[in-house]
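# Descriptive structure summary
Spelled out from the first residue to the last, the chains are:
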Amino acid sequence: METSLFQIRQRESFGFSAENPTGTREGGTHAKDCEKLRPCIDIEPGETVVLCDTDGPGMITHIWFTGYVGHSFVMRIYWDNEEFPSVEAPISAFFGCAYDENFKDRDGKYVVLNAATMLTAPGRGYNSYWEMPFYKHCKITMENRGEQKQTLFYMISGWHGEIPENSGYFHAVYRQEHPVQKGRSYTVLDNVEGPGMFAGVCFSSGMNGNNTCWVEGEIKMYIDGAKYPSMNYTGTEDYFCGSYGFGNDIILNKYQTFSGLYTGLYAILGDNEEFYNQQQRFLLYRFHVKDPVYFSKNFKMTMDNLGWTGPRYDDYTSVAFWYQQKPGKLPFELPADAEMVMK
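Now for a look at the structure at hand. (Residues numbered from 1 in each chain as written. Predicted model: local features only at pLDDT ≥ 70, side-chain atom pairs only at ≥ 80, totals over all residues. Heavy atoms only, no water.)

### Observations concerning the sheet that holds strand S17 (residues 231-233)
Reading across the sheet, the four strands line up as S14-S22-S16-S17 and stay open at both edges, with antiparallel pairing between neighbours. For this open sheet the edge positions go to strand S14 (186-193) and S17, each flanked by a neighbour on one side alone. Taken pair by pair, the neighbouring strands of this sheet meet at an average axis angle of 5°, ignoring direction. (Pairing = 2+ DSSP bridges. Helix = DSSP H or I, 4+ residues; strand = E, 2+ residues; numbered from the N terminus. Axes fitted to C-alpha atoms, helices over the stretch in contact; angles between N-to-C directions.)

### A word on a nonpolar patch on the surface
Together, Ile250, Ile251 and Leu252 make up a nonpolar patch on the protein surface, roughly 380 Å² of accessible area in all. Looking at where Ile251 falls in the secondary structure, it is placed in the loop between helix H2 (236-239) and strand S18 (258-259). (Patch = residues over 30% accessible without salt bridge, like charges linked within 9 Å, V, L, I, M, F, W, Y side chains within 5 Å. Areas by Shrake-Rupley, 256 points an atom, 1.4 Å probe, with all protein chains shown as cover. Salt bridge = Lys/Arg side-chain N within 4 Å of Asp/Glu carboxyl O.)

### A short note on the pairing of strand S25 (residues 315-324)
Residues in a regular strand project their side chains so that they alternate between the two faces of the sheet. The element S25 is extensively covered by neighbouring structure, given that 10 of its 10 residues are classed as buried. Across the two faces of S25 the burial is the same, with Asp315, Thr317, Val319, Phe321 and Tyr323 and Tyr316, Ser318, Ala320, Trp322 and Gln324 all buried. Relative to S25, strand S13 (residues 169-177) is paired through nine bridges, and the arrangement is antiparallel. By the bridge assignment, Gln176 is partnered in S25 with Thr317. By the bridge criterion, 10 bridges tie strand S15 (residues 196-206) to S25 in an arrangement that is antiparallel. Bridge assignment links Cys202 to a residue of S25, and that residue is Val319. (Buried < 20%, exposed > 50% of the residue type's maximum accessible area, 1.4 Å probe, protein only.)

### Section: the nonpolar core
Nonpolar side chains in soluble globular proteins tend to be buried together. Counting 60 residues, the largest nonpolar core has Ile60, Phe65, Met75, Phe94, Phe170 and Phe321 as the members making the most contacts within it. Broken down by element, the residue count for this core peaks at five residues, all from strand S5 (residues 73-79). Among all residues touching Phe65, those that are not within four sequence positions of it are Leu51, Met75, Ile91, Phe95, Arg124, Gly125, Tyr126, Met142, Leu152, Phe153 and Tyr154. With 35 residues, the next largest nonpolar core counts Ile219, Ile223, Tyr239 and Phe299 among its residues. (Core = buried A, V, L, I, M, F, W, Y, C linked by side-chain atoms within 4.5 Å. Contact = heavy atoms within 4.5 Å.)

### Topic: the side chain of Asp100
Mapped onto the fold, Asp100 is located in the loop between helix H1 (91-94) and strand S7 (113-114). For the buried Asp100, no salt bridge is present, and the opposite-charge side chain at shortest range is Arg124, 9.4 Å distant. (Lys, Arg positive; Asp, Glu negative; His and termini not counted.)

### Describing unusual backbone geometry
The omega angle of the peptide bond from His178 to Pro179 is 5°, so this bond is cis rather than trans. Relative to the helices and strands, Pro179 is located in the loop between S13 and S14. Each neighbour pair has its own omega, and for Gly194 with Pro195 the value is 5°, a cis peptide bond. Topologically, Pro195 is positioned in the loop between S14 and S15.

The analysis is restricted to geometry; functional conclusions fall outside its scope.
Right, dumping it as structure tokens:
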């Protein structure tokens, strides 16, 4: 939804946080200068907390989380008073950090994802800039599926005001295969009913066995019930806008990270000298901000897991993002919390 920053709009800004849990005008802290009263919240095991509850029309423009940012925290977003969520994902994978038990890259630094729609800043600061319009109502919750009490700092901001009639609803869903079934493609998204547009994916892969260049697999998008793919990328690194194994070729002979506005292989995890933790993990993203994939009826996307020597059996984890005309039920169910352990 493109607008010029200098244009004055008839909108009312809101911000939900621990200090202003109602997100209302003058609903923030009554503390004195340089005094904190409620900078964060604690969420007990098995507890679900409502972080944002507001009537529309309006738009969510920014979400920020820190504190505990692991896979046991699951964020859900409900549009227009629907009983089912249209967004459901562990926050670590949603923000591109599925390997949340290791925030150091291979150089010993915090991972940094620096894209137009998402930012993971040093020190585990999660930021989403996805535009999320809603007509009637928006509710955002956080569930603690772990066994320990955890702390959350958060800020969810946006505005109330009129939105275009053709605005689609933001959706996101988590999926994993640990490992991928050898010789079978990995499904990123399926059973999505249109009209709508595919907006991107955060993707993580963990190597199993010898890493014979795992990025040979093709990405395929099937539009409106087509038997064969309409969007067919030649390799995994090609879909993420790289080439020749992200540098692991005859010239450089090693992977090179990058983080752009819309795509990146932004981090490689794994220390070859660390006991029992020798296999590399790759964190990638591709956001179709400038090249959305439109569909009228339905959409499906798959990824092959293929190396130079043939099919592989690596661990694949993804969160797919898309917009559709109406709020829809998600096509996949979350695995159990213990099944998401990724080191």
